[in-house]
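Residue strings, one per chain:
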Amino acid sequence: MTIIFFDLPSTLPGNAWSPSTFKTRYTLNYKGIPYTTQWVEYPDVEAVSKKLGIKPTTTNPDGSDHYTLPAIYDPSTGVYLADSILIAEYLDKTYPDTPKIFPHNTVGLQHAFNEALETALDPLWEFILPDTCPILNPRSNVYFRRTREHAFGMTLEELRPSGERAVTRWEELKKNLEKVDAWYSKVDGTFILGNKISFADIVVASHLIWLRKVWGDRQEWKDIAEWNGGRWENLLNALEKLSKKLGIKPTGRKTHDGSDRYTLPAIYDPSTGVYLADSILIAEYLDKTYPISSPIFPHKSVGLQNAFMVAIGAMVSPIWQFTDLPAVGILNAPSAQYFRTVRERALGQSLEDASPKGQYAIDQWKRLQENFGIVASWYASTDAIGPYFMGDEVSWVDMVMASYFSWLKVTFGENDTRFLDIMRWDGGRWQRLYHDMQRFATIQ
């Protein structure tokens, strides 16, 4: 069953930002435990917690209960729980077959590490809190400002150090992180326990990802990333690479039970913190995020090319019945079994039975050729300008078509008569397009 993870949203790409909640996000990711995120604005945390029976994590100065995130709900046990370190302890105990967050009975030591790190980071708050407020949604922005200004007894603008004090406090932070670096240096490896991730690393990385998300390319982040031989940026990157679940959203629903369906491709962009799946959404994101590169959707054609995806899906649909069975043979054993299971469930019969035969196969192949002929006529409308769908400009459509041909070559085999047949269709148009697009097919 899927855990519900309660997190704080922002205006940043990917939404997540909080160092407190990232501790739980990283913990769930590293353990590979399925979860979905429920976003809760700061002013709603108390009401949501009380409604769900989530206990307060501390008390306010006036003695009243104080409710915080992260929190989780585990439907497999019925448990609601807040506080990142308590959640990590719970997940270690409840899911013993997942990687330990507190290996080798270090839970007490890591509680102490957490306290020591907070002390070391004391100068940081003056720099990062004023910059955090603007990345929050309006209601949370107001709450964050009010509560932080009450806690510090001054406005966030007054909290931010300037002049000689800024230089002094920044140097204090650097020296404090040198102490933390010395703790890490006691053993060989990237993490505090050498080559094994533990909660201490997650705590450090959660603060680092917060700084990187808020500051981006500003000098403050560049300084910290470079300190101690680049340890902190290396630690963050290493932990993210080892996280098994990345919070990537599903791309659809499974037809047999309506549950979330996750597919590839997916990307992670460390410059923005964005995780994203679905090839056309990735292409749209890359066009918007990296506008100086060649556009995939030139001349604002993204809407038209999304419509093309619907049309081409219908046009090539006869091919699936020819490719499903040979696709099993090119996959590694676990993927082959998965592929067979989901396809046979969708088809309601074995792949062997679904594979076209006799006159039906001939008719379906002819239908496929006719459909490709229609697509070829679309291409032909700009032949006088260039070989691509938009004349002399490569666009998403050309990449989609070339991807189909690459897949058919791998699935059928480059000498298979079916692949060669398609390459000859429409005066060899598809062979020319396929070979031209190979310049973009580099695997890195």
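Residues numbered from 1 in each chain as written. Predicted model: local features only at pLDDT ≥ 70, side-chain atom pairs only at ≥ 80, totals over all residues. Heavy atoms only, no water.

Quick word on the overall build of the chain
To keep things clear, this is the line we draw: Strands are runs of DSSP state E lasting at least 2 residues, helices are runs of H or I lasting at least 4, and numbering of each runs from the N terminus. Exposure classes here rest on a 1.4 Å probe applied to the protein chains alone. A residue is buried below 20% of its type maximum, exposed above 50%, and partly exposed in between. Any pair of residues with heavy atoms lying within 4.5 Å of one another is described as a contacting pair. His residues and chain termini do not enter the charge count, which takes Lys and Arg as positive and Asp and Glu as negative. Think of each charge as sitting on NZ of Lys, CZ of Arg, CG of Asp or CD of Glu.
Summing up its helical and strand segments, the chain has 18 helices and ten strands in all. Of all 444 residues assigned to the chain, the portion counted as buried reaches 44%. In the chain, 65% of the contacts between residues at least 6 apart in sequence involve partners at least 24 apart. Here the chain contributes 46 positively and 53 negatively charged side chains, and the mean placements of these two sets differ by 3 Å.

Description of a nonpolar patch on the surface
Note the following rule: Residues enter patches when their relative accessible area tops 30% and they take part in no salt bridge; the joining distance is 9 Å for like charges and 5 Å for the nonpolar side chains Val, Leu, Ile, Met, Phe, Trp and Tyr. All accessible areas in this document rest on Shrake-Rupley with a 1.4 Å probe, and a residue is counted as covered only by the protein chains that are shown. Any carboxyl oxygen of Asp or Glu that lies within 4 Å of a side-chain nitrogen of Lys or Arg is treated as forming a salt bridge with it.
A contiguous nonpolar patch, built from Ile330, Leu331 and Val410 and spanning about 240 Å² of accessible area, is present on the exposed surface. Along the chain, the position of valine 410 falls in helix α17 (residues 396-412). Take valine 410: its relative accessible area is 57%, and that puts it in the exposed class.

Overview of the environment of isoleucine 267
In this structure, isoleucine 267 sits in strand β9 (residues 266-269). Owing to a relative accessible area of 25%, isoleucine 267 belongs among the partly exposed residues under this scheme. With 49 residues separating them in the primary sequence, isoleucine 267 and arginine 218 have C-alpha atoms 24 Å apart. In this view, isoleucine 267 contacts Val274, Tyr275, Leu276, Ile282, Tyr285 and Leu286; residues no more than four positions away in its chain are not counted.

Some words on the packing of aromatic side chains
Just so we agree on the cut-off: Only the six-membered ring of Trp is used, alongside the rings of Phe and Tyr, when aromatic pairs are assigned; centres must lie within 6.5 Å, and planes under 30 degrees apart are stacked while those over 60 apart are edge-to-face, with the rest tilted.
Taken as a whole and assessed by the stated rule, the structure comprises 29 aromatic pairs. Ring centres of tryptophan 365 and tryptophan 425 lie 5.6 Å apart, and the angle between their planes is 55 degrees; on these two criteria the pair is classed as tilted. Here tryptophan 365 is found in helix α16 (residues 358-380), whereas its partner tryptophan 425 is found in helix α18 (residues 417-437), with 60 residues between them in sequence. For tryptophan 425, a relative accessible area of 4% puts it in the buried group. Measuring from ring centre to ring centre gives 6.4 Å for tyrosine 404 and tryptophan 407, while their planes differ by 55 degrees; the resulting arrangement is tilted. Of this pair, tyrosine 404 and tryptophan 407 both sit in helix α17, three residues apart, which is roughly one turn of the helix. Connected via pairs of aromatic rings, a cluster forms that spans Phe308, Phe322, Trp365, Phe372, Trp378, Tyr379, Phe389, Phe405, Trp425 and Trp430.

Side note on the pattern of salt bridges
Within this structure, the stated rule accounts for 21 salt bridges. Between arginine 139 and aspartate 44 there is a salt bridge, with the nearest N and O atoms lying 2.8 Å from each other. One end of the pair, arginine 139, is in helix α6 (residues 138-152); the other, aspartate 44, is in the loop between β2 (35-39) and α2 (45-52), and 95 residues separate them in sequence. Judged by relative accessible area, arginine 139 falls into the partly exposed class, the value being 43%. On the basis of relative accessibility, which here comes to 26%, the residue aspartate 44 falls in the partly exposed class.

Observations concerning the nonpolar core
Just so we agree on the cut-off: Side-chain atoms within 4.5 Å are what join buried Ala, Val, Leu, Ile, Met, Phe, Trp, Tyr and Cys residues into a set we call a nonpolar core.
By size, the foremost hydrophobic cluster in this structure holds 67 residues, and its most contacted members are Trp17, Trp215, Ile224 and Trp232. The greatest single-element share of this core, amounting to twelve residues, is contributed by helix α9 (residues 199-215). In this view, tryptophan 17 contacts Leu8, Pro9, Ser10, Leu12, Phe22, Tyr42, Thr132, Ile135, Leu136, Phe144, Trp210 and Lys213; residues no more than four positions away in its chain are not counted. Counting residues in hydrophobic clusters, the runner-up holds 36 residues, among them Met315, Leu368, Leu433 and Tyr434.

Notes on unusual backbone geometry
Each neighbour pair has its own omega, and for leucine 69 with proline 70 the value is 20 degrees, a cis peptide bond. Along the chain, proline 70 turns up in the loop between β4 (65-66) and β5 (71-74). For the peptide bond that leads from leucine 264 to proline 265, omega is 15 degrees, which places it in the cis range. By the secondary structure assignment, proline 265 is in the loop between β8 (260-261) and β9. For lysine 300, which is not glycine, the phi torsion reads 55 degrees and is therefore positive. You can see lysine 300 is positioned in the loop between α11 (279-289) and α12 (302-315). Residue lysine 300 is classed as exposed on the basis of its relative accessible area, which comes to 82%. A positive phi angle is found at aspartate 426, which is not glycine, with a value near 55 degrees.

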